[in-house]
Amino acid sequence: MEERDFLAEYQPLVFSQLKKSVKHGRLAHAYLFEGDQGTGKAAMSRWLAKRLFCTDLQDDEPCNRCNNCRRIEQGEHPDVQIIQPEGQTIKVDQIRQLQAEFSKSGFESRQQVFIIQDADKMNASAANSLLKFLEEPPGSFLALLETDALGRILPTIQSRCQIIHFLPLAPEHLIEKLVKDGIGKESAQLLASLTNGYQKAVEIYQNEWFNGAKDTVMQWFTYLEKRDPQAFIYVQKRILPLAKEKEQQRLLLQMLLFYYRIKRDRSTESATESTRILELLLQAEQKLTANVSFQNVAEQLALRIIYQK
Ligand SMILES: [Zn+2]
């Protein structure tokens, strides 16, 4: 997908804002793109670089075909420097090298762009070195910093940049992205119902606990569906051992809620019954939030679903 299509769909506000700024020559010198992984920060940086260097703009959009666009796409344009962590950190030498590149050509008034990906990974001396650079910029440049951990960026750097917030992915986009990563459709849907953050979703997915819990809750759901009294015993036997932490307890209830929602959306049976159970589940979540013990909440829930008409 070209940057333009991706950005127009995933980040329409950010995209139209920056498009306008560049069109009217009002770009700031430094931007800090802040948002979850996969929300389009790198695409936005690439689009801006292309927009500034493209030799064949089409309707104010980079053509993606000219020599400059292609070199930027491949990360090989001499005036577009991209810095990424080497290992776990961005080191001061990387920033110094960047400065050297810029001062070499600083007297020519040509436009230059540098992009710092995972800017939160700069170690302290790299960050300080960058700060000096931002304070006394040589020539005409555009700095694009990207981060998914704004809190780890020095406040002094933040204050030198215009901060642009990238919205979390909409659930359908999150699902799309997770499926593209090779996660099964149903797991992706389940994950998107548990969180709206891409990173968080991947984190939950990679957690061994999740895959066990998914199957266990599925089995619980099957008992509950049949109003089988096993559903009550199952809480003690299989659900509680999975619910040691508060976060896990919350996720277990949300998973059950997910299975019931799917059932409601697929089923042609009376909607009243599904609605009643969804209400019971929401009540259960509220009780959990109000610090009723998880065992209590889960057992009561099971009893209500099994025995109440
Ligand atoms: Zn072009």
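Residues numbered from 1 in each chain as written. Predicted model: local features only at pLDDT ≥ 70, side-chain atom pairs only at ≥ 80, totals over all residues.

Participant: Before we move on, can you summarise the sheet that holds strand E1 (residues 30-34) with the specific residues and values?
Facilitator: The strand order across the open sheet built from 5 strands is E2-E3-E4-E1-E5, with neighbouring strands paired in parallel fashion. Whereas interior strands pair on both sides, the edge strands pair on one side only; in this sheet they are strand E2 (80-83) and strand E5 (162-165). Each strand axis lies, on average, 15° off the axis of its neighbour in the sheet, ignoring direction. Where E1 lies against strand E4 (residues 141-147), 5 bridges are found, and the strand directions are parallel. Counted as the bridge partner of Tyr31 is Leu144 from E4. (Pairing = 2+ DSSP bridges. Helix = DSSP H or I, 4+ residues; strand = E, 2+ residues; numbered from the N terminus. Axes fitted to C-alpha atoms, helices over the stretch in contact; angles between N-to-C directions.)

Participant: So what's going on with the packing of helix H9 (residues 185-194) against helix H10 (residues 198-206)? Residues and values would help.
Facilitator: Packing of H9 against H10 brings their axes to within 9 Å, and their N-to-C directions diverge by 120°. Classified by the angle their axes make, H9 and H10 are oblique. Between H9 and H10 lies a crossing whose hand is right-handed. Residues Ser187, Leu191, Ala192 and Leu194 of H9 touch H10, and the partners they reach there are Ala201, Ile204 and Tyr205. (Parallel < 35°, antiparallel > 145°, perpendicular 65-115°, else oblique. Left-handed = near helix turned anticlockwise from the far one by under 90°. Contact = placed C-beta atoms within 7 Å.)

Participant: Tell me about unusual backbone geometry, and please be specific about residues and values.
Facilitator: Although it is not a glycine, Asp59 adopts a positive phi angle of roughly 60°. With respect to the helices and strands, Asp59 occurs in the loop between helix H3 (41-53) and helix H4 (67-73). Using a count of 5 C-beta atoms within 10 Å as the deciding quantity, one classes Asp59 as exposed. Phi angles above zero are rare outside glycine, and Asn291 is one such case at about 70°. Positionally, Asn291 belongs in the loop between helix H14 (271-289) and helix H15 (294-307). (Buried ≥ 20, exposed ≤ 12 C-beta atoms within 10 Å, placed from the backbone.)

Participant: Provide a residue-level description of helix H13 (residues 246-266), including the pertinent values.
Facilitator: Taking 1.5 Å per residue, 21 residues should reach 30 Å; H13 reaches 31 Å between its end C-alpha atoms and fits that length. Among all positions in H13, only Gln249, Leu251, Leu252, Leu253, Met255, Leu256, Phe258, Tyr259 and Tyr260 are buried. Where the residues of H13 are buried, they touch H9, helix H11 (208-225), helix H12 (230-239), H14 and H15. (Expected span 1.5 Å × (residues − 1).)

Participant: How would you explain the packing of H11 against H12 if you had to name every residue and give the values?
Facilitator: The contact between H11 and H12 brings their axes to 9 Å, and the two run at 165°. Accordingly, the angle class assigned to the pair H11 and H12 is roughly antiparallel. Note that H11 runs across H12; the crossing there is left-handed. Contacts from Thr216, Trp220, Tyr223 and Leu224 in H11 reach Gln230, Ala231, Tyr234, Arg238 and Ile239 in H12. Along the lines of polarity and charge, the residues of the contact of H11 with H12 split into 6 nonpolar, 2 polar and 1 charged. (Nonpolar A, V, L, I, M, F, W, Y, C, P; charged D, E, K, R; others polar.)

Participant: Let's hear about the domain arrangement of the chain: which residues, and what values?
Facilitator: Considered domain by domain, the chain is made up of domain 1 (3-165) and domain 2 (207-307). Distance from the C-alpha centre of domain 1 to the C-alpha centre of domain 2: 46 Å. (Domains from an automatic or database assignment.)

Participant: Any chance you could break down the nonpolar core for me, citing the residues and the numbers?
Facilitator: Ranked by internal contacts, the top residues of the largest apolar core, which has 79 residues, are Leu144, Leu145, Leu252 and Met255. For this core, the element with the highest residue contribution is H13, accounting for 8 residues. When residues of this core are assigned to domains, at least three fall in each of domain 1 (3-165) and domain 2 (207-307). Those residues in contact with Leu145 that lie beyond four places of it in its chain are Tyr31, Leu32, Phe33, Ile116, Ala119 and Cys161. (Core = buried A, V, L, I, M, F, W, Y, C linked by C-beta atoms within 7 Å.)

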